[in-house]
Amino acid sequence: MTTTTPATTTVPAPSREASLDLVHGIDDKPPLPRTLLLGVQQLLVSNVWLDPLFIAGVGGLSSGLATSLVTVTFLAAGLATLVQTTKLVRLPIVEGPSSAFDAMAIAAAKSGQLAAATTGLVIGAALVLLASVTGALRHIRKVFTPAVTGTVMLLVGLLLAQFTFLEFFGGDSTAADFASPAVVLPAVATCATVVVCGFLKRGDLRMYSFLVALVVGDALAACTGRLDFSAVGDAAWFALPTFLPYGALDFDPALTVTMVVIFLAAVAEAVGCYETTAELTGERLSDRRVANGVAGEAGGSLVSGLFGGFGTTAYAQNLGVVRLTRVASRHTVRVTALVLIALAFLPKAAAVLVATPAPVVGGLFLPAAGSVVFAGITILARVRDDDRAVLVAVLAVMAGLGVPGLGAALTDRLPGVVGDLAGQGIVVGTVAAVLLQVLLVQLPGWVRARSAT
């Protein structure tokens, strides 16, 4: 997939101080055994299966629809990752379901509106794809300044904290052994292994730090009786994704508008991931590559929606793997993509992956999510001397954290769609950042330019 952006600008390459001392650069091709292991490592940290399992469980989906949701998640994530790393943005990014869609997906599942939600997702993805292909995204991207993308990245990392620590302490806060020593031990050991290996300057232990941590964590989880592969035996050997599993498309104006707004947050998150990856690796990032990447996000979301999934986006936690392991080869991420595609058709193999205990997942996620927080702070540091940009970032971060924290006291007083959106930190923070950027920076700049002519 390519775009026809008429004019292409390029973001200057970051200074060497901003770039990592990479073991493998973006276009490097490590030896095949190493490529395979590094690709699997990226897959383990992505945990793309957790989001659909969460939606299916909370939304009350039947076992058949839950299986379909997990299957299409693997397929859409794999296809989008493969095309992104090969033809489009050409960066070592892993695609997966965006958590920005979770609240709406759960609400639609509970109210029997999944067909309408799918329609809204498809329309939103088509609009974003059209903006990318026609070059309109080039104008929209002017709003995605470091103040906006840095805010989104920081919020992503901070909002990952609650999920990460929930997994870290056992995954189910109602369980009798939640946060017990037997649960916390594998989580601490997993996280500590990633951190200790990450302190090493070079070598295989640093390069494979997340894989080593997985082995350590699973071993301890097995000793405490938390490693359960019983679901593997019940899973089918082969399955195919189901086209429109929730029924025919059903247009609902309110849900469609909501999906378009959520896509704005997902696009801002993706652009932030692209720019952060470019900075970490010293890569030059043009408007055309960004437009290509966003087209890939929209294309992946279209595929996902038509087969019963939700929107895809670039995963920020996988940037943590790049930072900690110093491996940025997009060829290793292609292995991740191929494995994801295979898992879409092999439920039994997918069940092995899903069996990773929650504390081990939390231990893997914690240092990766921490790297996302640091990436957001690093981006925002570029605007520290710009008072207007600082105000945009500060107010948007406060909105993204504060408004959802009010819970039902606020959301119940707002119209249905607005109330649903107000409970999502990423959406609130992104919308606030974009509006503030336009009102405090773009609009005054446009007025000054008009006055000068």
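Conventions used here
Residues numbered from 1 in each chain as written. Predicted model: local features only at pLDDT ≥ 70, side-chain atom pairs only at ≥ 80, totals over all residues. Heavy atoms only, no water. Helix = DSSP H or I, 4+ residues; strand = E, 2+ residues; numbered from the N terminus. Buried < 20%, exposed > 50% of the residue type's maximum accessible area, 1.4 Å probe, protein only. Contact = heavy atoms within 4.5 Å. Salt bridge = Lys/Arg side-chain N within 4 Å of Asp/Glu carboxyl O. Core = buried A, V, L, I, M, F, W, Y, C linked by side-chain atoms within 4.5 Å. Expected span 1.5 Å × (residues − 1). pLDDT = per-residue confidence, 0-100. Patch = residues over 30% accessible without salt bridge, like charges linked within 9 Å, V, L, I, M, F, W, Y side chains within 5 Å. Areas by Shrake-Rupley, 256 points an atom, 1.4 Å probe, with all protein chains shown as cover.

Q: Break down the side chain of T119 for me, with residues and values.
A: With respect to the secondary-structure elements, T119 resides in helix α5 (residues 114-134). T119 gets classed as buried once you look at its relative accessible area, which sits at 6%. Once residues lying within four places of it in the same chain are set aside, the contact partners of T119 are L249, D250 and F251.

Q: Please give an account of the pattern of salt bridges that cites residues and values.
A: Taken as a whole and judged by the stated rule, the model has 5 salt bridges. Residues R34 and D204 are paired through a salt bridge, measuring 3.9 Å at the closest nitrogen-oxygen approach. Of this pair, R34 sits in helix α1 (residues 32-46) while D204 sits in helix α9 (residues 204-207), placing them 170 residues apart in sequence. D177 is the salt-bridge partner of R226, the closest N and O atoms lying 2.6 Å from each other.

Q: Explain the nonpolar core residue by residue, including any values.
A: Membership of the largest hydrophobic core comes to 115 residues, with the highest contact counts inside it found for F74, F101, M153, Y274 and V294. Ranked by the residues each element gives to this core, the list is headed by helix α12 (residues 253-281), at 14 residues. Residues A147, V383, A389 and L436 belong to the second largest nonpolar core, which totals 5 residues.

Q: Please provide a residue-by-residue account of α1, values included.
A: The end-to-end C-alpha distance of α1, which contains 15 residues, comes to 21 Å, matching closely the 21 Å that a straight helix rising 1.5 Å per residue would cover. Considering only its buried residues, α1 is in contact with α9, α10 (209-223), α14 (317-325), α15 (330-345), α16 (347-354) and α17 (358-381). Positive phi shows up at N47, right after α1, with a value of about 50 degrees.

Q: For the confidence of the model for the protein, give the residues involved together with the corresponding values.
A: On average, residues of the protein score 85 in pLDDT, and 95% of them reach the 70 mark or higher. Of all the helices and strands in the protein, strand β1 (residues 10-11) carries the lowest mean pLDDT, 48, while helix α18 (residues 387-405) carries the highest, 94. Within the model, the stretch residues 1-17 combines pLDDT values under 50 with 42 contacts to residues more than four positions away or in other chains.

Q: Can you lay out a nonpolar patch on the surface for me, pointing to particular residues and giving the numbers?
A: Nonpolar side chains collect at one region of the surface, where L435, V438, L439, L443, W446 and V447 lie side by side and expose about 570 Å² of accessible area between them. Tracing the sequence through the fold places W446 in helix α21 (residues 425-452). Taking the relative accessible area as the measure of exposure, W446 reaches 52% and is therefore exposed.

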